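# Observations on the three-dimensional arrangement
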Amino acid sequence: MNALFLAAAEEPQNPLVPHLDELVIGLIAFVIVFGFLAKKLLPNINKVLEERREAIEGGIEKADEARIEAESVLEQYKAQLAEARHEAARLRQEALEQGTALKEDLRAEGQRQREEIIAAGHAQIEADRKQASLTLRQDVGKLATDLAGKLVGESLEDSARQSRTIDRFLNELEAKAEAAR
């Protein structure tokens with residue numbers, strides 16, 4: 001074996017080809033390190049990877065649950081919003097109907113009050129007209145009696161006769177006025 005080593009030592013050595021003893025020692029060291037890593041480090045790495053995979057899957061499941069819950073809440077919100085819009089439209093329509101009814105009631109009340117005022121005005125005018133007519137009759141009668149007394153030269157103070165004469169005279173005047181119309 002010495003001869004081999006001597007022959008090998010004499011030949012120029014290729015730096016890319018390692019010596020056999022270095023190759024064996026490197027291979028034994030590699031197997032020891034690989035075995036150590038496979039026994040100690042690889043289970044820890046697999047455990048961490050499994051935990052991470054479970055956390056990711058759990059996160060995805062939670063995200064899916066949150067998405068489903070958000071969609072459910074969104075649907076409830078949309079339903080409540082539609083219901084609120086429907087309720088608002090109903091209340092608006094109801095208020096419009098009440099406003100129209102109130103306006104009609106107020107219009108009818110105003111019309112009734114107007115009719116009452118007109119009727120009271122007509123009654124007052126009629127009462128004033130009758131009062132004026134009565135006062136005018138008395139004044140005309142008094143003037144006619146005084147004038148007739150001056151013409152005849154005697155006093156015509158008999159009130160019953162005077163009243164009948166005045167009434168007859170005024171009735172004749174009214175009849176002539178009616179015929180002229």
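Residues numbered from 1 in each chain as written. Predicted model: local features only at pLDDT ≥ 70, side-chain atom pairs only at ≥ 80, totals over all residues. Heavy atoms only, no water.

## So, a negative patch on the surface
Rules: Each patch is built from residues that are more than 30% exposed by relative accessible area and take part in no salt bridge. Like charges join if they lie within 9 Å; nonpolar side chains (Val, Leu, Ile, Met, Phe, Trp, Tyr) join within 5 Å. For the area figures, the Shrake-Rupley method with a 1.4 Å probe applies, and any residue is considered shielded solely by the protein chains shown. One side-chain nitrogen of Lys or Arg within 4 Å of one carboxyl oxygen of Asp or Glu is enough to make a salt bridge. Only four residue types enter the charge count, namely Lys and Arg as positive and Asp and Glu as negative; His and the chain termini do not. Every charge is mapped to an atom, namely NZ of Lys, CZ of Arg, CG of Asp or CD of Glu. Burial here depends on accessible area, computed with a 1.4 Å probe over protein chains only, as a share of the maximum for the residue type. Under 20% is buried, over 50% is exposed, and the range in between is partly exposed.
A cluster of acidic side chains, namely Glu61, Asp64, Glu65 and Glu69, defines a negative patch on the protein surface. On the accessibility criterion, Glu69 (55% relative accessible area) is exposed.

## Here we look at the packing of aromatic side chains
Under the convention used in this document: Two aromatic rings, drawn from Phe, Tyr or Trp (for Trp, its six-membered ring), form a pair once their centres lie within 6.5 Å of each other, and the interplanar angle then sorts them: stacked below 30 degrees, edge-to-face above 60, tilted otherwise. Where helices and strands are cited, they refer to DSSP runs of H or I of at least four residues and of E of at least two residues respectively, numbered from the N terminus.
Applying the stated criterion to the full structure yields 1 aromatic pair. Here the aromatic rings of Phe30 and Phe34 are separated by 6.0 Å at their centres, their planes lie at 20°, and the arrangement is stacked. Of this pair, Phe30 and Phe34 both sit in helix H2 (residues 20-152), 4 residues apart, which is roughly one turn of that helix.

## Observations concerning the environment of Gly141
Tracing the backbone through its elements, the reader meets Gly141 in helix H2. With a relative accessible area of 1%, Gly141 lands in the buried category. Each C-alpha atom of the pair Gly141 and Thr165 lies 8.3 Å from the other, and the pair is 24 residues apart in sequence.

## Thoughts on the pattern of salt bridges
In this structure the tally under the stated criterion is 10 salt bridges. Among the ionic pairs, Glu126 bridges to Arg129, the shortest N-O distance being 2.6 Å. One end of the pair, Glu126, and the other, Arg129, are both in helix H2, 3 residues apart, so they sit about a helical turn from each other. What makes Arg129 partly exposed here is its relative accessible area of 48%. One salt-bridge network, in which partners are shared between bridges, spans Glu50, Arg53 and Glu57.

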